[in-house]
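# Descriptive structure summary
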There are 2 protein chains.
Amino acid sequence: MRMWLKEIRLQKNLTQEQTAFKSNISRSYYTHIESGVKKPTVETAKDIAFALEFKWTNFFESQCSLKEQ
Amino acid sequence: MRMWLKEIRLQKNLTQEQTAFKSNISRSYYTHIESGVKKPTVETAKDIAFALEFKWTNFFESQCSLKEQ
DNA sequence: CTGTGACTGGAAGTCCGTG
DNA sequence: CCACGGACTTCCAGTCACA
C-alpha cells in the first residue's frame, strides 16, 4: 500500500478516476499503483507526480514508506 | 547515443565489460544502453550509476543529452 | 467510486556471431 | 581484447471487464 500517494491525492480532494485522467492512465491502473500492486515506469511516475504536484522521484526513493513528501 | 555515459565510463578508465560487471548486467546489455538502443529500468539505472558514481536520475532527466553530470 | 483477476503488447535483458 | 547489434526469451506495465 502506497499510503503516501493516497494521502496526497485525498489532500487534493481528487478521486482515483480524476487523478488517473489527469495522469493519462486508466483508472484501474492508478488503483493498482496506489495499492502497490504495480510499479509505474519513470514516464508514468512523472505524469502522476505532475498531476498531484510532488516530485516523481518519490516513487523510487521511498518504495512503500509513509513519507508524504 | 548516450555520449555522457560513455564519457563518464572512459573518465574512469573502465571497459564496457568491467562496467557491466560492476552493474550486474550483461556486457551486451550495457552496450545497448550506452548506444541508446535500450532503456534501463530504475533499478538497473541505479546499479550503473552506482558503479560509475553519478546520480541515477541522469538517465531520466537528460535522455540523450551530452550533459555530463 | 474503488478493488482485483486475467490478459497482452512491447520492452528489458541475454546469447551469440561479427567487426 | 573490446565493442556492436540482431534474434531471441521472459516478464511486467497498462488495460478491460466484472464485482
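What comes next concerns the included structure. (Residues numbered from 1 in each chain as written. Chains lettered and ligands numbered in written order. Predicted model: local features only at pLDDT ≥ 70, side-chain atom pairs only at ≥ 80, totals over all residues. Heavy atoms only, no water.)

### Here's the deal with the pattern of salt bridges
Residues and elements named next belong to chain A. Rule in force here: The rule for a salt bridge is simple: a side-chain nitrogen of Lys or Arg has to be within 4 Å of a carboxyl oxygen of Asp or Glu. Here a helix means four or more residues in a row that DSSP labels H or I, a strand means two or more in a row labelled E, and each is numbered from the N terminus.
Using the criterion set out here, one finds 6 salt bridges over all chains in the structure. One salt bridge in this structure joins Arg 9 and Glu 34, with 2.8 Å as the shortest N-O distance. With Arg 9 in helix 1 (residues 3–11) and Glu 34 in helix 3 (residues 27–35), this residue pair connects regions lying 25 residues apart in the sequence.

### With respect to the protein's contact with DNA strand C
Condition: Think of it this way: one heavy atom of a residue within 4 Å of a molecule or strand is enough to make that residue near it. As used in this structure description, the phrase polar contact means that two N or O atoms lie within 3.5 Å; if the pair is within protein, one of them must be able to donate a hydrogen and the other to accept it, and residues adjacent in sequence are counted only when both atoms belong to side chains. Residues were grouped as follows: Ala, Val, Leu, Ile, Met, Phe, Trp, Tyr, Cys and Pro as nonpolar; Asp, Glu, Lys and Arg as charged; and all remaining residues, including Gly, as polar.
In the vicinity of DNA strand C there are 20 residues, among which Gln 16 and Arg 27 of chain A together with Ser 28, Tyr 29 and Lys 39 of chain B approach most closely. Within 4 Å of the protein, atoms of DNA strand C come from sugar and phosphate in 54% of cases. The separation between a base oxygen of DNA strand C and a polar side-chain atom of Lys 38 of chain B is 3.1 Å. Here Thr 44 of chain B contributes a side-chain N or O atom positioned 3.0 Å from a phosphate oxygen of DNA strand C. Mapped by element, the contributors of at least two residues to the surface near DNA strand C are helix 1, helix 2 (16–22) and helix 3 of chain A together with helix 3 (27–35) of chain B. Looking at the surface near DNA strand C residue by residue, the class counts come to 3 nonpolar, 10 polar and 7 charged.

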